[in-house]
Amino acid sequence: MIRVKKISHASYETPDLDKQTEYYTEILGLALIAKEKDAIYLANTVEHHSVVLRKGSEPKCLRIGFQISPNDDLDEFEEQTRKQGIKTIRKKDAEPTLADMVSFADPKGTIMEVFRAPEAQHHKFRAKGIIPHKLGHVAFHVTDVKGTTQFYCDVLGFRVSDWMADYFSFLRCGVDHHTINLVETGSNRHFHTAFELRDWAHLQQACDYLSANGYTQLWGPGRHGIGHNLFAYHRSPNGLITELFAELDQMKDESLGYFDPRPWHRDNPQRPKTWPKDPSAANLWGPMPPDEMMK
Ligand SMILES: [Fe+2]
């Protein structure tokens, strides 16, 4: 099958477009790369955009863009998707640099936008703000974690990295431990959007910078058990949660079947598994998420 290789962008609606744009540029340090009709395009890597913001009544994540390899055939991907009984739409020039995409809804209604990796852009990283390396993952609350996990594996080619009990799945489409994670809580909505930072020192700088600008931490810093990433969560101005992380587990060689060994692993080697519902799966350092995290 043709598998998606990488998350490319996430698109959101937000009531206060100016405030959210200011957060992404001045606080996170993404570059405002284009304004088009009602859309704001924000970039931080080789892609034209990593985040798209549009005005809407409620803050929500509407769409996620995934790249297949430049050598893969998009017609073939569409055919493979249709064969699974999924209704696809073909969109031409839907967004800058994305000349041709296949679009369809996942089981919770989020729109998947799949396209061949476009030609690399040459944005400079900004000099001000947190300046993440990249958009890392998007996590969702779901009503049907088994069905939605199956969809990402069967339709988009994701692999399961870990489960927490039977209600929280972590899925990879590249070397990173998770690009999508799904927690069953009784509703379908955005949980958090995560950006990768350099290391622990960068995370400390980011927490200080957030604090100096009036943003306090919701949970963390800590180190997750599942994925073993350093984490710190805060709320963006529209209420949606942002995670900043570093040192996420990576499986560099799928044929080996384990994540690159690290001193903080308790399994040796660390293979995909089902973790018990234990505090250490959430935070090896101790403190559990406050109730506020799940709102
Ligand atoms: Fe996360």
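Read on for an overview of the structure. (Residues numbered from 1 in each chain as written. Predicted model: local features only at pLDDT ≥ 70, side-chain atom pairs only at ≥ 80, totals over all residues. Heavy atoms only, no water.)

## Concerning the pattern of salt bridges
Under the counting rule described, the total for this entry stands at 23 salt bridges. The salt bridge involving Glu-95 is made with Arg-54; its shortest N-O contact spans 3.9 Å. Here Glu-95 is found in strand S6 (residues 89-95), whereas its partner Arg-54 is found in strand S4 (residues 51-55), with 41 residues between them in sequence. As far as burial versus exposure is concerned, Glu-95 and Arg-54 are alike and both buried. A salt bridge links Asp-106 to Lys-108, with the shortest nitrogen-to-oxygen separation between them at 2.5 Å. A residue is classified by how much of its surface remains accessible, and Lys-108, at 14% relative accessible area, is buried. Salt bridges linked by common partners bring Asp-75, Glu-78, Arg-82, Arg-90, Lys-92 and Asp-100 together as one network. (Salt bridge = Lys/Arg side-chain N within 4 Å of Asp/Glu carboxyl O. Helix = DSSP H or I, 4+ residues; strand = E, 2+ residues; numbered from the N terminus. Buried < 20%, exposed > 50% of the residue type's maximum accessible area, 1.4 Å probe, protein only.)

## With respect to the nonpolar core
Tyr-24, Phe-66, Phe-104, Tyr-152, Leu-156 and Phe-158 are the most contacted members of the largest nonpolar core, which totals 55 residues. If you tally residues by element for this core, the top one is helix H3 (residues 145-156), at 6 residues. Filtering out sequence-adjacent residues up to four positions away, Leu-156 remains in contact with Met-1, Arg-3, Val-4, Phe-66, Phe-77, Phe-104, Met-112, Val-114 and Phe-151. Counting residues in each nonpolar core, the second largest holds 16 residues, with Phe-168, Leu-218, Trp-275 and Met-293 among its members. (Core = buried A, V, L, I, M, F, W, Y, C linked by side-chain atoms within 4.5 Å. Contact = heavy atoms within 4.5 Å.)

## Concerning the coordination of the iron ion
Here the iron ion is held by His-137 (NE2), His-192 (NE2) and Glu-243 (OE), and the distances to it run 2.0 to 2.2 Å. Sequence spacing of the donor residues for the iron ion, all on one chain, is H-x54-H-x50-E. Here Glu-243 lies in strand S16 (residues 241-246) and His-137 lies in strand S9 (residues 134-142), a separation of 106 residues in the sequence. Like His-137, the residue Glu-243 is buried in the burial classification. (Donors = N, O, S within 2.8 Å, 3.2 Å for Na, K, Ca; no water.)

## So, the side chain of Thr-88
For Thr-88, the location among the structural elements is in the loop between helix H2 (74-82) and S6. Within the structure, Thr-88 has its side chain in polar contact with the side chain of Arg-82 (distance 2.9 Å). The contact partners of Thr-88, leaving out residues within four places of it in the chain, are Glu-78, Thr-81, Arg-82, Val-102, Ser-103 and Phe-104. (Polar contact = N/O pair within 3.5 Å; in protein donor to acceptor, adjacent residues only side chain to side chain.)

## Looking at unusual backbone geometry
A negative phi angle characterises most non-glycine residues, just as the trans form characterises most peptide bonds. Here Gly-220 and Pro-221 are connected by a cis peptide whose omega angle stands at 5°. Within the secondary structure layout, Pro-221 lies in strand S14 (residues 219-223). One non-glycine residue, Ile-131, lies in the positive phi region at around 60°. Mapped onto the elements of the fold, Ile-131 is located in the loop between strand S8 (111-116) and S9. Even without glycine at this site, His-228 takes up a positive phi of about 60°.

## Digging into the environment of Lys-124
Relative to the helices and strands, Lys-124 is located in the loop between S8 and S9. Along the chain, Lys-124 and Thr-45 lie 79 residues apart, while their C-alpha atoms are 7.9 Å from each other.

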